[in-house]
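Results of the structural survey
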Protein chains: 2
Amino acid sequence: MDKKLNILLAEDDDNLGLLLHSFLKSKGFLVELARNGKLAFEKFNQSSFDFCIFDVMMPEMDGFTLAKEIREIDKKVPILFLTAKSMKEDKLEGFSLGADDYMTKPFSMEELLARIEAIMRRVETTQVLEDDVFMVGKIKFDAQSRMLYTQVQPTKLTTKENQLLKLLCKNENEILDRQATLRAIWGDDNYFNGRSMDVYIAKLRKLLREDDRIEIMNVHGKGFQLIIK
Amino acid sequence: MDKKLNILLAEDDDNLGLLLHSFLKSKGFLVELARNGKLAFEKFNQSSFDFCIFDVMMPEMDGFTLAKEIREIDKKVPILFLTAKSMKEDKLEGFSLGADDYMTKPFSMEELLARIEAIMRRVETTQVLEDDVFMVGKIKFDAQSRMLYTQVQPTKLTTKENQLLKLLCKNENEILDRQATLRAIWGDDNYFNGRSMDVYIAKLRKLLREDDRIEIMNVHGKGFQLIIK
DNA sequence: ACTTTGTGTTAAAAAAAGTTAAGCATTGTT
DNA sequence: AACAATGCTTAACTTTTTTTAACACAAAGT
């Protein structure tokens, strides 16, 4: 109920990074610090976050690109950008990517906290803090423990099965872009990873066959879509 | 409560090294001096430090590489770099590796002291000086004395068991990178050490079996993850 | 229609991890 | 010095997980 908010913080300057990390932790949040966008993207796909704070300028992958990649697979998670520049164009680009807020360095810790809380108040009403448990038709799926509670025989999913089903669930009834999914789970959207994903789709279909209202539908050339009638 | 701060000092120049060592000792710190990065890395993995001071230029393994290796298994421990060069690029590289501070030689002892205390003030508020005692589910684990207090029969862990479980605990709920772990505990991530680690994972699982909320989960191709439900 | 590209599915191959036990040093004990 | 005990590594075998291959078919473009 009163679960701690899980924050993904992407910041390359560790002076600021560690400072924010310890500050937010002291305020009762769980914080994961990633030192560049690429690492942050991997972390995002490996666990589950309720809130994102991204520095705009980072090596490997900047904050905007990171947000763009994440938005392809998660349309809801709140994102707050940090930037040194106070330029208008940046501000706009950030918001067009689905930013929920924006702060220009330097800023006060208390103000950051206030904004996080404001965003969460706004969001929490609609979206219950996710604990990675989904109902797929009548089948329960816990992405944390990787358990799929099918009627006949609960199954422990493998890493890849779990990641893929989780993405499908988080985007229920929406088309999950093929390339974006591959980048999120396999790190690269080449041909072979694509075929690999198709194999996993087949596996998931077999596992979910027990409830005939569940369908993993293909949208030719676009991606897959989890549909529950 | 008022435990002495344990400092790991990596410095190849013995003149400076011994000077710093005795100065810091006189100020009430426990100090371990390592003459190169490789030795420092080994020391770090064998005991437990609250603070690191690394010279940037050292034989065998330089301060930056050392910091990078350490950051893979410990994201929090404060690191302060010492360098002869006052070059900007170095400074930046240091910070991106998770440096908390940076000093250019020559520097005054008193200034060093002031900086250590400043960093510790910042850190100490959130993070209690770790005494290496963890709660793994309902099982107490003291990495200092190597005791695992299982209900049935408290066990004294072996060196390797202890190191591995400690790393898992310090990174609870996060994926502990396979290669990084091997380098930290075995010094080398070759095939055989990998198999050895798998044997130890099996041993730990058996020891922790008594509490079924504890799970050492494998993330295929990435590493292991200690999960407590 | 026909050709290309994308997907469905199953099976085989390859890679990674789990497990048990044998081997081999190192240490301490009698 | 012989012996046992301990801790770690290596080997051997098993199982799991992921990738690649192969073949069938469907969708879209020409």
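Predicted model only: the values in this text are computed from it and were never measured. (Residues numbered from 1 in each chain as written. Chains lettered and ligands numbered in written order. Predicted model: local features only at pLDDT ≥ 70, side-chain atom pairs only at ≥ 80, totals over all residues. Heavy atoms only, no water.)

Description of the overall build of chain A
Quick note on the threshold: Numbered from the N terminus, helices here are DSSP runs of H or I no shorter than four residues, and strands are runs of E no shorter than two. For this measure, only C-alpha atoms enter the radius of gyration; the expected value for a globule follows 2.2 Å times N^0.38, where N is the number of residues. For every residue, the accessible area obtained with a 1.4 Å probe (protein chains only) is divided by the maximum for its type, and the residue is called buried under 20%, exposed over 50%, and partly exposed between those limits. Residue contacts are defined here by distance: any two heavy atoms, one from each residue, within 4.5 Å place the two residues in contact. This count recognises Lys and Arg as positive and Asp and Glu as negative, with His and chain-terminal groups excluded. The atom standing in for a charge is NZ when the residue is Lys, CZ when it is Arg, CG when it is Asp and CD when it is Glu.
Within chain A one finds eight helices and twelve strands. Its C-alpha atoms give chain A a radius of gyration of 19 Å, within 12% of the compact-globule value 17 Å for 229 residues. Dimensions of chain A along its principal axes, counting C-alpha atoms only, are 55 × 40 × 25 Å. Looking at chain A as a whole, 56% of its 229 residues qualify as buried. The long-range share in chain A, meaning contacts at least 24 apart out of those at least 6 apart in sequence, stands at 56%. Treating the 35 positive side-chain charges of chain A as one cloud and the 38 negative ones as another, the clouds have centres 4 Å apart.

Section: the interface of chain A and chain B
As a reminder, the rule being used: Computed with a 1.4 Å rolling probe, the buried area is the accessible surface lost when two parts are put together, summed over both parts. For this document, the term salt bridge refers to a Lys or Arg side-chain nitrogen within 4 Å of an Asp or Glu carboxyl oxygen. Between N or O atoms, a polar contact is any pair within 3.5 Å; within protein, one atom must be a potential hydrogen donor and the other a potential acceptor, and residues adjacent in sequence are included only when both atoms are from side chains.
Residue-level contacts link 16 residues of chain A with 20 residues of chain B. Buried area between chain A and chain B, summed over both chains or domains, comes out near 1,600 Å², and the portion from carbon and sulfur atoms is 51%. When the buried surface of chain A facing chain B is broken down by residue, A:Asn15, A:Leu18 and A:Arg35 rank first, second and third, together holding 26% of it. Counting across the chain A and chain B interface gives two salt bridges. Where chain A meets chain B, there are three residue pairs in polar contact (both at pLDDT 80 or more). Counting residues per element, the ones that place at least two in the side of chain A that touches chain B are helix H1 (14–26) and helix H2 (37–46) of chain A. For the side of chain A that touches chain B, the element with the highest residue contribution is H1(A), accounting for seven residues.

Examining the nonpolar core
We apply this condition: Nonpolar cores are built from buried Ala, Val, Leu, Ile, Met, Phe, Trp, Tyr and Cys residues. Side-chain atoms within 4.5 Å join them into one set.
Of all hydrophobic cores here, the largest spans 51 residues; its most connected members are A:Phe54, A:Leu66, A:Phe81, A:Phe141 and A:Leu168. Excluding residues within four positions of it along the chain, A:Phe141 makes contact with A:Asp132, A:Val133, A:Phe134, A:Val136, A:Met147, A:Leu148, A:Leu157, A:Asn162, A:Leu165, A:Lys166 and A:Cys169. Counting 48 residues, the second largest nonpolar core, distinct from the first, contains B:Phe49, B:Phe54, B:Phe64 and B:Leu204.

Focus: the domain arrangement of chain A
Residue and element names in this part refer to chain A. To keep it simple, the criterion reads: Each domain's extent is set by a domain assignment, obtained either automatically or from a database.
Here chain A is partitioned into domain 1 (6–128) and domain 2 (133–228). Summarising the inter-unit geometry, the C-alpha centres of domain 1 and domain 2 are found 27 Å apart. On the domain 2 side, the residues contacting the eleven residues of domain 1 number ten residues. Between domain 1 and domain 2, roughly 910 Å² of surface is buried when both sides are summed, and carbon and sulfur atoms account for 39% of that area. For the domain 1 face of the interface with domain 2, the top three residues by lost area are Asn 45, Glu 72 and Ile 73, together amounting to 49%. Viewed at the interface, domain 2 and domain 1 are joined by four salt bridges. Seen at the junction of domain 1 and domain 2, the total is seven residue pairs in polar contact (both at pLDDT 80 or more). If you list the elements that add at least two residues to the side of domain 1 that touches domain 2, you get H2 and helix H3 (63–73).

Description of the pattern of salt bridges
It is possible for side chains bearing opposite charge to pair when their charged atoms get close. The tally for this structure, following the rule as stated, stands at 29 salt bridges over all chains. Across the pair A:Arg183 and A:Glu72 runs a salt bridge, and its minimum N-O distance is 3.3 Å. Of this pair, A:Arg183 sits in helix H7 (residues 178–185) while A:Glu72 sits in helix H3, and the two are 111 residues apart along the sequence. On the basis of relative accessibility, which here comes to 30%, the residue A:Glu72 falls in the partly exposed class. With a shortest N-O distance of 3.1 Å, B:Glu69 and B:Arg183 are connected by a salt bridge. Within this pair, whereas B:Glu69 is found in helix H3 (residues 63–73), its partner B:Arg183 is found in helix H7 (residues 178–185), the two being separated by 114 residues in sequence.

A few points about the protein's contact with DNA strand D
Under the convention used in this document: Each residue is tested against the molecule or strand, and it is near if at least one of its non-hydrogen atoms lies within 4 Å.
With respect to spatial proximity, 21 residues lie near DNA strand D, and among them A:Thr158, A:Trp186, A:Lys203, B:Thr158 and B:Trp186 are the closest. Sugar plus phosphate, as a fraction of atoms of DNA strand D within 4 Å of the protein: 75%. The contact in question runs from a phosphate oxygen of DNA strand D to an N or O atom on the side chain of B:Thr158, over 2.4 Å. B:Lys160 places a polar main-chain atom, nitrogen or oxygen, 3.3 Å from a phosphate oxygen of DNA strand D. With six residues, helix H8 (residues 191–208) of chain A is the largest single contributor of residues to the surface near DNA strand D.

What to know about the packing of H7(B) against helix H8 (residues 191–208) of chain B
Residue and element names in this part refer to chain B. The condition is simple: Between the N-to-C directions of two axes lies an angle of 0 to 180 degrees, each axis being a line fitted to C-alpha atoms and, for a helix, fitted only over the stretch in contact. The cut-offs work like this: below 35 degrees is roughly parallel, past 145 is roughly antiparallel, 65 to 115 is roughly perpendicular, and the gaps in between are oblique. Only Asp, Glu, Lys and Arg are considered charged, only Ala, Val, Leu, Ile, Met, Phe, Trp, Tyr, Cys and Pro nonpolar, and every remaining residue, Gly among them, polar.
In contact at an axis separation of 10 Å, H7 and H8 are set at 95 degrees when each is read in the N-to-C sense. When the axes of H7 and H8 are compared, the pair comes out roughly perpendicular. Here Arg 178, Thr 181 and Leu 182 of H7 come into contact with H8, specifically with Asn 193, Gly 194, Met 197 and Asp 198. Its residues assigned to classes, the contact of H7 with H8 shows two nonpolar, three polar and two charged.

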